[in-house]
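# Architecture and fold: a report
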Amino acid sequence: MYISVRLYNHTVMDRTLNLDSTFAALADPTRRAILARLAKGEASVLELAAPFAMSQPAISKHLKVLERAGLISHGRDAQRRPRRLEAKPLADATKWLEGYRRFWEANYRRLDALLEDLQSAAGSTERSKRKSK
Amino acid sequence: MVDTETLKITTPSDLEIEMTRVFHAPRRLVFDAHIKPELLKRWLLGPDGWEMVVCTAATKVGERYRYEWRNAAGRQFGIGGVCQEFHAPDKLVALESMDGFPGEALVTTTFVEEGGKTTLTTRVRYPSKEVRDAAINSGMVGGVSASYDRLAKILAQ
């Protein structure tokens, strides 16, 4: 129930497909690790800071970037309520990357086959050259 | 048939996409596959069901290149660009645009060989978020509905 209330939060709804802040948020290994941890369930700031040799204010800076991107949310009482993952913006970023990935994977698989053909053609040319000597 | 190598995609900044992929071939061949029309037509095919109907490649700075694809339903789509740098066999730089979309992207492709394998790295830099978002929303990079499994994969990178 708490999560569906957050999904209808007007801040998230006002944001049109805005992948810029999502990508900026994802372009950092600490933030990706935070999201990976939250994918397993909500966590407090202390729990999120624990794996990093980082001060709580430093972690909070990362959390602010993630919150601005709409990727995580927290309760009214920021000190005590745990952070949780917000699915929608990350789903948009994932959707785009997946489409892009599938497109290029298909092309590169064809390139693999072409390169194999070119190399085996070169190999058989070499073999027939050697034979005719 | 070799095991398929993995395509790695990252977003180094909010205007850039970078792709890295290893090929089991010397870089001269991988490079040629990127600049010879008779080779390009065999792999740069776009989404399934599209056929390449125009393929002119650039082999020196200032030359234009043009690729067009058509699908069975008759829809046509093209990409064109101008070569900015041409260093055989290790680097290509171009300013590229897609039909119907504003702006140009700077596309840098490098070919690094080691132990008979070539690492291909392509970095695409969009001039603005608007152009990047237009590219994202285009049919060529069509979406797939996401799920938490995919989320897990992205986070595992």
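First, a word on scope: everything that follows refers to the structure included in this document. (Residues numbered from 1 in each chain as written. Chains lettered and ligands numbered in written order. Predicted model: local features only at pLDDT ≥ 70, side-chain atom pairs only at ≥ 80, totals over all residues.)

### Notes on the overall build of chain B
Cut-off, in case you're wondering: Secondary structure elements are taken from DSSP: a helix is a run of H or I of four residues or more, a strand is a run of E of two residues or more, and numbering for both begins at the N terminus. Once C-beta atoms are placed from the backbone, any two residues with those atoms within 7 Å are in contact.
Helix and strand counts for chain B come out as four helices and eight strands. Along its sequence from the N terminus, chain B presents helices and strands in the succession β-β-α-α-β-β-β-β-β-β-α-α. For chain B, the proportion of contacts with a sequence separation of at least 24, taken over those separated by at least 6, is 33%.

### Some thoughts on the nonpolar core
Here is the rule we go by: We call a set of buried Ala, Val, Leu, Ile, Met, Phe, Trp, Tyr and Cys residues a nonpolar core when their C-beta atoms link them within 7 Å. Here exposure depends only on C-beta density: within 10 Å of a residue's C-beta, 20 or more other C-beta atoms make it buried, 12 or fewer make it exposed, and intermediate numbers make it partly exposed, the C-beta atoms being placed from the backbone.
Core analysis: the biggest nonpolar cluster contains 14 residues, and Leu111(A), Leu115(A), Phe23(B), Val30(B) and Ala33(B) have the highest contact counts within it. Core analysis: the second largest hydrophobic core is formed by twelve residues, Ala25(A), Ile34(A), Leu71(A) and Ile72(A) among them.

### A short note on the sheet that holds strand β7 (residues 105-114) of chain B
Residues and elements named next belong to chain B. To keep things clear, this is the line we draw: Here a strand pair is declared whenever DSSP counts at least two bridges between the two strands. The convention used is that axes are lines fitted to C-alpha atoms, helices contributing only their stretch in contact, and that angles between N-to-C directions extend from 0 to 180 degrees.
Spatial ordering of the open sheet is given by β1-β2-β8-β7-β6-β5-β4-β3, a layout of eight strands whose pairing is antiparallel. Both edges of this open sheet fall to β1 (8-13) and β3 (50-56), since each of them pairs with a single strand only. Put simply, the sheet's adjacent strands are angled 25° from each other on average, direction ignored. Across the sheet, helix α1 (residues 27-35) touches β2 (16-23), β6 (91-98), β7 and β8 (117-125), and the angle it forms with β7 is around 155°.

### Some points on the pairing of β8(B)
Residue and element names in this part refer to chain B. Pairing between β2 and β8: eight bridges, direction antiparallel. Considered in β8, the bridge of Met-19 is made with Thr-122. Pairing analysis gives nine bridges linking β7 to β8, with the strands arranged antiparallel. Bridge assignment links Thr-110 to a residue of β8, and that residue is Thr-121. Where β7 folds back on β8, the antiparallel hairpin that results is connected by two residues, among which Gly-115 adopts a positive phi of roughly 55°.

### Quick word on the packing of helix α4 (residues 29-39) of chain A against helix α6 (residues 56-68) of chain A
Residue and element names in this part refer to chain A. To keep things clear, this is the line we draw: In this scheme, roughly parallel covers angles under 35 degrees and roughly antiparallel covers those over 145, while 65 to 115 is roughly perpendicular and the rest are oblique. Each residue gets one of three labels, nonpolar for Ala, Val, Leu, Ile, Met, Phe, Trp, Tyr, Cys and Pro, charged for Asp, Glu, Lys and Arg, and polar for the others, Gly among them.
Across the interface, α4 lies against α6 with an axial gap of 10 Å and an inter-helix angle of 70°. Judged by the inter-axis angle, α4 sits roughly perpendicular to α6. Counting all contacts with α4, which are made through Thr-30, Arg-31 and Ile-34, the residues of α6 involved are His-62, Val-65 and Leu-66. Counted by class, the contact of α4 with α6 contains three nonpolar, two polar and one charged residues.

### Let's talk about the environment of Ala94(B)
All names here are of chain B. Structurally, the position occupied by Ala-94 is in strand β6. Residue class for Ala-94 comes out buried when judged on the 22 C-beta atoms lying within 10 Å of it. Expressed as a C-alpha distance, the spacing of Ala-94 and Gly-80, which sit 14 residues apart in the sequence, is 9.6 Å.

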